[in-house]
Structure formats: C-alpha cells, structure tokens
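Reading the structure
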Amino acid sequence: MAEALGWLGVPLAIAAGTMRGSTPFLFVSLGECLTEKSGKINLGLEGTLLTGAMSAYAISYLAQDSVGEFLAPWLGVLAAGLAGMVLGAIHGWLSQQPRVSDVAVGIAMIIFGSGIAFFLGKPFIQPIAPKLMTLDLGAWSNVPQLQDALRISPLFLLGLAIAPLLRWFFKSTRWGLFVRAVGDSPEAARAMGISIFKVRMLSIVAGSFLAGIGGASLSLYYPGVWTERISTGQGLMAVALVIFARWNPINCLYASLLFGGAQALGPALQSVGVDSFYYIFNAAPYILTLFIAIFTCSPQKTLVGSPGALGTNK
Amino acid sequence: MKPLRNPRRLPVSRRQVLRGLLAASAFGAATKLTGCTAASEGEGEGETSSGGGSEDLVVGFIYVGPKDDFGYNQAHAEGAAAIAALPGVKIVEQASVPETTEVQEAMREMIDIDGATLLFPTSFGYFDPHILELAAEYPDVQFFHAGGLYEDGMPDNIGSYFGYIDEAQYIAGIVAAYTTATKKLGFVAAKPIPQAIRNINSFTLGARSIDPEITTQLVFTGEWVEPVKEAEAVNSMVDQGIDVITCHVDSPKVVMETAERRGVYTSGYHANQAELAPEGYLTGAEWDWTSIYTQYVEWSQAGDTLMNGGIPHIVRGGLESGFWKLSPFGPAVSDEAQQAVEAIKEQFADGSIAIYKGEIKDNEGNVQIEADKEFDQKAVELETMDWLVEGVEGKVS
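None of the values given here were measured: they were computed from a predicted structure.

Secondary structure assignment for chain A yields twelve helices and two strands. The order of α-helices and β-strands along chain A, N terminus first, is α-α-α-β-α-β-α-α-α-α-α-α-α-α. Since a compact globule built from 314 residues should have a radius of gyration of about 20 Å, the 20 Å found for chain A is in line with a globular shape. Across chain A, contacts joining residues at least 24 apart in sequence account for 77% of those joining residues at least 6 apart. If you sum the accessible surface of chain A, you get close to 12800 Å²; carbon and sulfur atoms cover 71% of it. In chain A, which carries 18 positive and 13 negative side-chain charges, the distance between the mean positions of the two groups comes to 15 Å.

On to unusual backbone geometry, then. Look at the link from Tyr222(A) to Pro223(A): it is a cis peptide, with omega at 0°. One can find Pro223(A) in the loop between helix H8 (196–220) and helix H9 (234–244). With phi around 55°, Ser96(B) is a residue other than glycine that occupies positive phi space. The topology assignment puts Ser96(B) in the loop between strand E2 (89–94) and helix H4 (101–112). The buried category is assigned to Ser96(B), whose relative accessible area is 12%.

Another aspect to go through is the pattern of salt bridges. A full pass over the atoms with the stated rule returns 17 salt bridges over all chains. In this structure, Asp211(B) and Lys183(B) form a salt bridge, with 3.1 Å as the shortest nitrogen-oxygen distance. One end of the pair, Asp211(B), is in the loop between helix H7 (194–210) and strand E7 (215–220); the other, Lys183(B), is in the loop between helix H6 (166–179) and strand E6 (184–189), with 28 residues separating them in the sequence. Given the relative accessible area of 17%, Asp211(B) is considered buried. On the accessibility criterion, Lys183(B) (31% relative accessible area) is partly exposed. One continuous salt-bridge network, built from bridges that share partners, spans Arg20(A), Asp136(A), Asp148(A), Arg151(A), Glu232(B), Asp239(B) and Arg262(B).

Here we come to the environment of Leu78(A). Residues and elements named next belong to chain A. Mapped onto the secondary structure, Leu 78 falls in helix H2 (residues 45–94). Taking relative accessible area as the criterion, Leu 78 reaches 47% and is therefore assigned partly exposed. With 22 residues separating them in the primary sequence, Leu 78 and Ala 56 have C-alpha atoms 7.6 Å apart.

Take the sheet that holds strand E17 (residues 392–393) of chain B next. Residue and element names in this part refer to chain B. Pairing is mixed across the open sheet formed by seven strands, whose spatial order is E12-E10-E9-E8-E6-E7-E17. Each edge of the sheet is formed by a strand with only one pairing partner; in this case those strands are strand E12 (324–326) and E17. As judged from the two bridges shared by strand E8 (residues 244–248) and strand E9 (residues 265–270), these two strands associate in the parallel manner. Its bridge partner being in E9, Ile 245 is matched across the sheet by Thr 266. The sheet contacts of H7 involve E6, E7, E8, E9 and E17, and relative to E6 the element is tilted by about 170°.

Moving on, we come to the pairing of E8(B). Strand residues, when the strand is regular, have side chains that alternate between the two faces of the sheet. Residue and element names in this part refer to chain B. In terms of burial, E8 is a largely internal element, five of the five residues being buried. Both faces of E8 are covered, namely the face carrying Val 244, Thr 246 and His 248 and the face carrying Ile 245 and Cys 247. Looking at chain direction, E6 and E8 are connected through five bridges and run parallel. Across the sheet, residue Phe 187 finds its bridge partner in E8, namely Thr 246. Crossover connection from E8 via helix H9 (residues 253–261) to parallel E9: handedness right-handed.

Right, let's talk about the confidence of the model for chain B for a bit. Residue and element names in this part refer to chain B. Residues with a pLDDT of 70 or more make up 87% of chain B, whose mean pLDDT is 87. Within the model, the stretch residues 33–53 combines pLDDT values under 50 with 40 contacts to residues more than four positions away or in other chains. Under the prediction, the complex receives an ipTM of 0.88, its pTM being 0.84.

The next thing to look at is the sheet that holds strand E5 (residues 158–163) of chain B. Pairing between the strands of a sheet comes from backbone hydrogen bonds, and it takes one of two forms, parallel or antiparallel. All names here are of chain B. The sheet built from six strands is open, its strands ordered E2-E1-E3-E4-E5-E11 with parallel pairing. Strands with a single pairing partner mark the edges of an open sheet, and in this sheet they are E2 and strand E11 (314–317). Mean inter-strand twist for the sheet, computed between neighbouring axes without regard to direction, equals 20°. Where strand E1 (residues 57–62) lies against E2, six bridges are found, and the strand directions are parallel. Bridging from a neighbouring strand, Val 58 pairs with Lys 90 of E2. Seen against the sheet, helix H5 (residues 127–137) touches strand E3 (118–121), strand E4 (142–146) and E5 and runs at an angle of roughly 165° to E4.

The next point concerns the domain arrangement of chain B. Residue and element names in this part refer to chain B. Examined at the domain level, chain B breaks down into domain 1 (40–163 + 289–321) and domain 2 (166–286 + 324–393). Taking only C-alpha atoms into account, the centre of domain 1 sits 28 Å from that of domain 2. Facing 16 residues of domain 1, the contacting portion of domain 2 comprises 20 residues. For domain 1, the biggest contributors to the area lost against domain 2 are Phe 70, Phe 124 and Leu 319; these three give 45% of the whole.

One pass over the structure, following the stated rule, counts 28 aromatic pairs over all chains. Relative to Phe124(A), the ring of Tyr61(A) lies with its centre 6.2 Å away and its plane at 70°, an arrangement referred to as edge-to-face. With Tyr61(A) in helix H2 and Phe124(A) in the loop between helix H3 (102–121) and strand E1 (135–136), this residue pair connects regions lying 63 residues apart in the sequence. On the basis of an interplanar angle of 90° and a centroid distance of 5.3 Å, the ring pair of Tyr161(B) and Trp289(B) is categorised as edge-to-face. Residue Tyr161(B) is located in strand E5, and its partner Trp289(B) is located in the loop between strand E10 (281–287) and helix H10 (290–301); the two are separated by 128 residues in the primary sequence. Judged by relative accessible area, which is 0%, Tyr161(B) ranks as buried. Positioned over the ring face of Phe170(A) is Lys37(A), at 5.4 Å from the centre of the ring.

Bringing a negative patch on the surface into the picture now. Judged by side-chain charge, Glu359(B), Glu370(B), Asp372(B) and Glu390(B) come together as a negatively charged surface patch. Relative to the helices and strands, Glu359(B) resides in the loop between strand E13 (356–357) and strand E14 (360–361).

Right, let's get into the state of the cysteines. Applying the stated criterion to the full structure yields zero disulfides over all chains. There is no disulfide at Cys33(A), and the cysteine sulfur nearest it, in Cys252(A), is 4.3 Å away.

Thresholds applied
- Residues numbered from 1 in each chain as written.
- Chains lettered and ligands numbered in written order.
- Predicted model: local features only at pLDDT ≥ 70, side-chain atom pairs only at ≥ 80, totals over all residues.
- Heavy atoms only, no water.
- Helix = DSSP H or I, 4+ residues; strand = E, 2+ residues; numbered from the N terminus.
- Rg over C-alpha atoms; globule rule 2.2 N^0.38 Å.
- Contact = heavy atoms within 4.5 Å.
- Areas by Shrake-Rupley, 256 points an atom, 1.4 Å probe, with all protein chains shown as cover.
- Lys, Arg positive; Asp, Glu negative; His and termini not counted.
- Charge placed at Lys NZ, Arg CZ, Asp CG, Glu CD.
- Buried < 20%, exposed > 50% of the residue type's maximum accessible area, 1.4 Å probe, protein only.
- Salt bridge = Lys/Arg side-chain N within 4 Å of Asp/Glu carboxyl O.
- Pairing = 2+ DSSP bridges.
- Axes fitted to C-alpha atoms, helices over the stretch in contact; angles between N-to-C directions.
- Right-handed = clockwise from strand over helix to strand, strands pointing away.
- pLDDT = per-residue confidence, 0-100.
- Domains from an automatic or database assignment.
- Buried area = accessible area lost by both parts, 1.4 Å probe.
- Phe/Tyr/Trp six-rings, centres within 6.5 Å; stacked < 30°, edge-to-face > 60°.
- Lys NZ or Arg CZ within 6 Å of the ring centre and 35° of its normal.
- Patch = residues over 30% accessible without salt bridge, like charges linked within 9 Å, V, L, I, M, F, W, Y side chains within 5 Å.
- Disulfide = S-S within 2.5 Å.

Here is the structure:
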C-alpha cells in the first residue's frame, strides 16, 4: 500500500489535478479562442461540452462490442467532436442572421445543448463505458502516487499540441489571416473578397468540434462518468478564460492549467488536514473567474488583443 | 397637429406575435427536454395498477437527479417502483428537479394535473421553503419528506420519514477496520448536514470499536453532485495513504470508480455499487425504502391520513423495520469480519446495541456524551448533530 505523502501531497495533487482536470478547459478555451477571433462569441460551448460528454460516453458504450474496448472510446471522442460540430453549425447559422445577437443565441444554445444531452443521455447514466487509454509516463518512478499522477491522457497531450499550432495558424497562415481579418474588421475583409459568413461559420464549427472533444475528456477520462452535472459550469468558465488569456492560444493553455489546478486545491488541502475555509478553497475556480472578470473589464478602453468586431454585432 | 395613424393597426405586428409564439414554444420544448422526461416513463410503469381507474391512489415522486444514478435517487426510485406494482396505486415521477421554485412547479403539476394526493419530494433541500409553502396552499394533499426537518407546529399535512442508516455505516466501519492496512479511512461528504455528520461519526465509531487507532479523514466537496471534486478528493486521499473510502454524496459512482482505479477499498452508500468496483468493494449502506413506502400506501388505502392522525408525522426505523440493508460482501472481506458483522447485525435487529453510548468525545477533546449517558437512535440530539467524534480529521464549519 502507498505511504502517506503528507504536505508533499498538496503540490502533487495540484500538479496531477492540473494534468487531469485542465483538458476540458483547454479544449473549450482553444475552441472559443478560434470562434472569438472570427468576431463572434459562442457561449453555447457549455451545452456543447455536455453534448460532447454524453455522445462520447454513449458511443463508447454502444460500440464496445463491435470495435473492442480500445477503439470504442476513440470512436466516442470522434462522435463528441461531430456532435459539437452540429451544435456549432446551428449557432453559426443563427448568430449570423441579421439583427440577431450572438450572446442571446449562445444562451439559447446552452439550454438546447444541455437539454439534448440530458434527454438522449438518460439511458447512459447507469451503464459503464470503456474509458480512454492513458499513457503511463510515471513507470520510471517507484512512488505509486507519482505513477498515478503521471498517468496522462493522450487528449491532454493533443491539447498541448493544438495550442502552439493554433497560434501558428493565426500568425503565419493565409487562413489564419482571413479569420483575424473577419474578426477585426469585417468591412476590410469583405473588401478583400472574403466571405464573412463562411469564415465565421467554419471558425464556430471548428471551435465547437474542439469543445465537443473537451466533453469527451470529461466523460471518458476524468472524472470518467456521464452524469447530468458533469460539467459544473466548466464550459462557461472556459469562455471567461479566453478573455483572461487575451485571445492568445498559448495563454489559453496556461490559463487552463491554472483552472485545472484550482479545482484540486480544496480536496487536496482538506485531505492533509487544512479543514478550515474549505468552502473558499472549493470555490477557487469560480473566485478566479470573478477576479478575472473584474480586473479585465474597463469601460474606458478595449482590451489589448480583443478582436475588433467582437460584441459589435457587425 | 397629430400625425395620422392607421386606426386598424395593432400595437404589435403580426411578425412580433409570431416571433413571440415561436420563442415561447421553443422555450417550452427546451425545458421539457431538460426536466420532465422521466415523468412519462414513470407513468408508463405506474399504470400497471390493477384496480379501477378512477379509484387509484396517485402518488407523486420528485427526485433531484436522474433515477438511475447509483445513488440517493435510485434508492428512492426503487422504492417507488415497488409501490407502483401494488394494486390501486398509480405513480407519477419527475427526475432532475433542482431545489428551487422549480420543485414547487413540479409539485403543483402533480397535484393539479395528475391528481396526486400523496407526494414524496425526496431531496433534503426541497423541504424549506418549498414543501412548507405548498403544504399550506394544498391542505388536502399530504407531503412526505425524507430527513429530520419536520417539527411540531408545521402544517398538519407534512410527514417525515427516515431510516437510521448510520447503523449500516457503523457496520461498514467495522468491515473497513478489519480490511484497512494503513489504519486510515476516508470519507467524502457533500455538505455538513446532520445526517451526513451522523454517518461520518457512526462509520468512525464502528471502525474504532475494532481498532481505536483508526482515523477517518473527512473531505467536504460542498455540493451534492460535484464529479471533479469527488474524484480529486479520492485521489488526494489515496496519496495520503488512505485505503478504505466511503462517501455521502448523491451519486457515489465517481468515488467508487476512481477508488477502484487507484486500487483501494470502497464502501458504498445509498444503493449497491458493487459492479462499479468489483475488486475493492467491501460492503455498503443501502436504503430500503420499499417497506416504508408500502406502509404509507397501506395506511392511505385504509383511509388514514396525517390530518386525521392515522399516519404518524414522524416515522423512523432501523434494521428491525427494514429501512436499510447491507450490500453483499465483496471478495476482500475476511471471514472474521463477516462473522463480526453478523453478530452486530443481530444486536441491531433486537435493539440491544446503542452506537452513541458515553463516553464519547468530539475531535476537539470536549466530552459530548457523558459516560453514563446513552442515546437511543430516536434521540433528537442525534438528529441535530453538529460535532465530529474523536478520530475524525476534519471540521464541520
């Protein structure tokens, strides 16, 4: 049996919690970053996250007999992404109609996405679906706690890779330029001959694909179940996090790690015997969101890096 | 000069009306999708009653989460399914109703539309103020609530029922004590309400009755359903060398699965979770609502009500009245532990054992129950418990 770690357990738990819990934040925030760069906001990613979690779990459960326990969860991940794309397409089309507010559509999509997930997910709450494989990077260590902390999901590594890739995409590719142009100055983009509708549509759909995969990580990796309250607001927090990250994919990565670690703080401190103020420690991610909202909002100036057309309904 | 106006023109255009209607129906569809899906399923099951249609007793059940969550709601839904099979009973159910005014709407619908005369809103937080308000509004409908919140002076049509499931937790503590190698047990709890504290204390007392060196580490997650924090709690506990974990959350699924993955033992709660942790599952404290729900139906069919005094306002019970049961032992439970449990179970069945028997100190060293004192399970002091026994590492506030 494992020996007690004592106070060392707290940094370990936060580090492990970071690697386990930040994946959904990472995917949703990268997806939202892409969406917002094109000048539209998609609050509906909370619903997309839930739909992704449900579809991944359902497909993994249903497919385990026909494709085996290894492939089924990967099929689930794909299904989650596709389900996200469907929701994204609805949002992309609706929010670009004349005089339609993307924020309002986003809120409707939260209700719709979670509603459809709860409705279709009813029969999958109880069954046990095969989970996604993990990479055991801690095999070199003989401390069981460390071995477990280093049992990393390939989805996390995928997210780590997507962040710099997305940055490169924005900075150095023609398509990235299109997205930025549409987001910053739709008139100029139109003058360049770019279809604003198509660019935004593709950005929203691709962003929702990523958010759906974030959901798959919730239900197939960590915590690894499908319940109706699996997301506990993580999708919305990830949207706030994009603002905190100033629409920079690399900052999104750091912010996601911070939020993932914050989730582990409350339980880790309690288990080493810090049992006062646990409500505050448990609320750490939400308090963090609030502070970000306070410190980044200013009526005088727009934020550095904010896409010009964001929130203007242009 | 006033500008001329077309007198036939309505203040709202046709387009606005259409848009409003569309939005309203879309909203209705969305809320239907999120909330009420279980109701129709429930009715399907419920309509198996054999008696004549109009005479049926309509019983409403409201759950805070899904009905098959391996937890609190599943335990109640199993009880509901049992009475649905009785002749002359029809049940209506609604799952995933939050502890907000939404539960009042759910109750109102069941009363006004389905004609329910007995209501079981099962979640702890439904009571105050929701049940209290509705009970005053519908004096002929009877409301039954699981938990120790009913007090004299509240509306006459409210009843309270609860089982002494801490007896089962006491036994689970004994099993944990026989199994643990590190002498550290873990308890993941949602909120510090008296029932949870009583379970934590009884679990610890049970374990320490076997080995007084055992401690229980307590982690509160703050909400009834908090999957990520529950998983984090289990992981940090295992990192601290804890090797038996139990919980008091709405759906123990995450706790059981995470602990199994980390290779430690678990003790279930609410319902049987053995299939989630085939190797590490020791036993579990399960509710058995079937008997009390059947009892309420029998009382009602005989014409008894809360208002005419035929049904007692407070119904409580332990093993002897079938309020709880233990999950079958898992493979890791030793013969020695099983024999010890059988012996204790007999004492619970004939009522010859008291869990809270002095002297009991709290974990800050104060004597809470004096040496010559003994609390019967019915004691009010136990239903309002707000201190943790010696050996629990944690704090209530």
